[in-house]
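# Analysis of the macromolecular model
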Amino acid sequence: MELPSDLLQVLVERGQILYSNIFTNIDHPKFFVIIGVTEDEVAGFFYINSRINTNVNAKEEQLRLQYPISKDDYDFLSHDSYISATNVVTLPRNVIVQSMHQGRTLVKGKLLDHHMNDILNKVRSSRLFSKITKDRFFY
């Protein structure tokens with residue numbers, strides 16, 4: 001049964017963890033967390049990685065925004081991982097909904113409230129993001 005677009009729109013919200021192959025700059029499907037949502041746009045797309053990228057280790061501010069999550073908390077993970085909260089990616093909301101209709105994006109879970117709060121506190125205090133970005137997506 002295909003879900004209607006308005007129901008899928010509701011699923012596109014802060015904290016939702018999705019799994020998708022829609023990213024043209026990544027050659028494999030990725031888990032990602034939605035951090036911010038506007039009427040037309042989805043933002044954040046903080047990717048979940050199995051380990052911290054070695055290029056990040058030398059950059060203290062980026063390293064601070066690698067948030068560990070446990071496979072014990074998220075049953076879809078095969079091992080402990082990291083949410084990389086270093087870069088805000090945006091996409092039109094309808095692109096996500098359309099990719100859900102096509103089966104290219106799947107809802108895998110929801111970030112636990114205390115994890116979401118921890119990440120939001122980290123990005124709100126980070127020098128990596130402008131005040132405009134923080135106000136638009138992190139509050």
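Before reading further, recall that the structure is shown in the block above.
These figures come from a predicted structure and were not determined experimentally. Numbers given for residues are sequential positions, taken from 1 along each chain in its written order. Totals for whole chains, interfaces and linings use every residue, but because this is a predicted model, local features are given only for residues with pLDDT of at least 70 and side-chain atom pairs only at 80 or more, for both listing and counting. To obtain the side-chain values, all non-hydrogen atoms of the structure were included, while hydrogens and water were left out.

## Considering the packing of aromatic side chains
Two rings from Phe, Tyr or Trp (for Trp, the six-membered ring) form a pair when their centres sit within 6.5 Å of each other. Planes less than 30 degrees apart are called stacked, planes more than 60 degrees apart edge-to-face, and all others tilted. What the rule picks out here adds up to 7 aromatic pairs. Ring geometry for Y19 versus F31: centroids 4.5 Å apart, planes at 45 degrees, classification tilted. With Y19 in strand β1 (residues 16-20) and F31 in strand β2 (residues 30-33), this pair connects stretches of sequence that are 12 residues apart. The buried label applies to any residue whose accessible area, calculated with a 1.4 Å probe on protein chains only, is under 20% of its type's maximum; exposed applies above 50%, and partly exposed to all values in between. A residue is classified by how much of its surface remains accessible, and Y19, at 28% relative accessible area, is partly exposed. With centroids separated by 5.2 Å and ring planes inclined at 90 degrees, the aromatic side chains of F23 and Y47 adopt a geometry described as edge-to-face. Note that F23 is positioned in the loop between β1 and β2 and Y47 in strand β5 (residues 46-49), a separation of 24 residues in sequence. Residue F23 shares its accessibility class with Y47, and that shared class is buried. Taken together, the aromatic side chains of Y19, F31, Y74 and F76 make up a single cluster linked through ring pairs. Numbering of helices and strands runs from the N terminus, with a helix taken as a DSSP run of H or I at least four residues long and a strand as a DSSP run of E at least two residues long.

## Points about the pairing of β5
Two faces, one strand: in a regular strand the side chains alternate between the faces of the sheet. Residues F46 and I48 line one face of β5 and the alternating positions Y47 and N49 line the opposite face, and both faces are buried. By definition, two strands form a pair when at least two bridges between them are found by DSSP. Where β5 and strand β7 (residues 81-84) come together, 2 bridges link them in antiparallel fashion. Residue pairing across strands places I48 opposite I83, the latter belonging to β7.

## Brief notes about the side chain of T105
Considering the arrangement of structural elements, one finds T105 in strand β9 (residues 105-110). T105 gets classed as buried once you look at its relative accessible area, which sits at 2%. A polar contact of 2.6 Å, which involves the side chain of T105, links it to the side chain of S20. Should any heavy atoms of two residues lie within 4.5 Å, those residues are considered in contact. Aside from chain neighbours lying at most four places away, what touches T105 is L18, Y19, S20, I22, S99 and M100. In the analysis that follows, any N or O atom pair within 3.5 Å is treated as a polar contact, provided that within protein one partner can donate a hydrogen and the other can accept it, and provided that, for residues neighboring in sequence, both atoms belong to side chains.

## Considerations on the pattern of salt bridges
When a carboxyl oxygen of Asp or Glu lies within 4 Å of a side-chain nitrogen of Lys or Arg, that pair is called a salt bridge. Here the structure, examined in full by the defined rule, presents 5 salt bridges. Between K110 and E13 there is a salt bridge whose closest N-O contact spans 2.6 Å. Here E13 lies in the loop between α1 (5-11) and β1 and K110 lies in strand β9, a separation of 97 residues in the sequence. Overall, the relative accessible area of 39% leaves K110 in the partly exposed class. A salt bridge links E61 to R64; its shortest N-O distance comes to 3.5 Å. Here the residue E61 and the residue R64 both occupy positions in helix α2 (residues 60-64), the gap between them amounting to 3 residues, near one helical turn. One network of salt bridges, with partners in common, ties together E61, R64 and R127.

## Some details on the nonpolar core
Side-chain atoms within 4.5 Å link the members of a nonpolar core, which is a set of buried Ala, Val, Leu, Ile, Met, Phe, Trp, Tyr and Cys residues. Counting 23 residues, the largest nonpolar core has F46, I83, I119 and V123 as its most contacted members. When residues of this core are traced back to their parent elements, those giving at least two are β2, β5, β6 (66-69) and α4 (113-125). Considering each element in turn, this core owes the most residues, 4 residues, to α4. If near-sequence neighbours (up to four positions away) are discounted, I119 is found in contact with I35, F46, Y67, I83, A85 and L111. Listed in part, the 13 residues of the second largest apolar core include V12, L18, F23 and V42.

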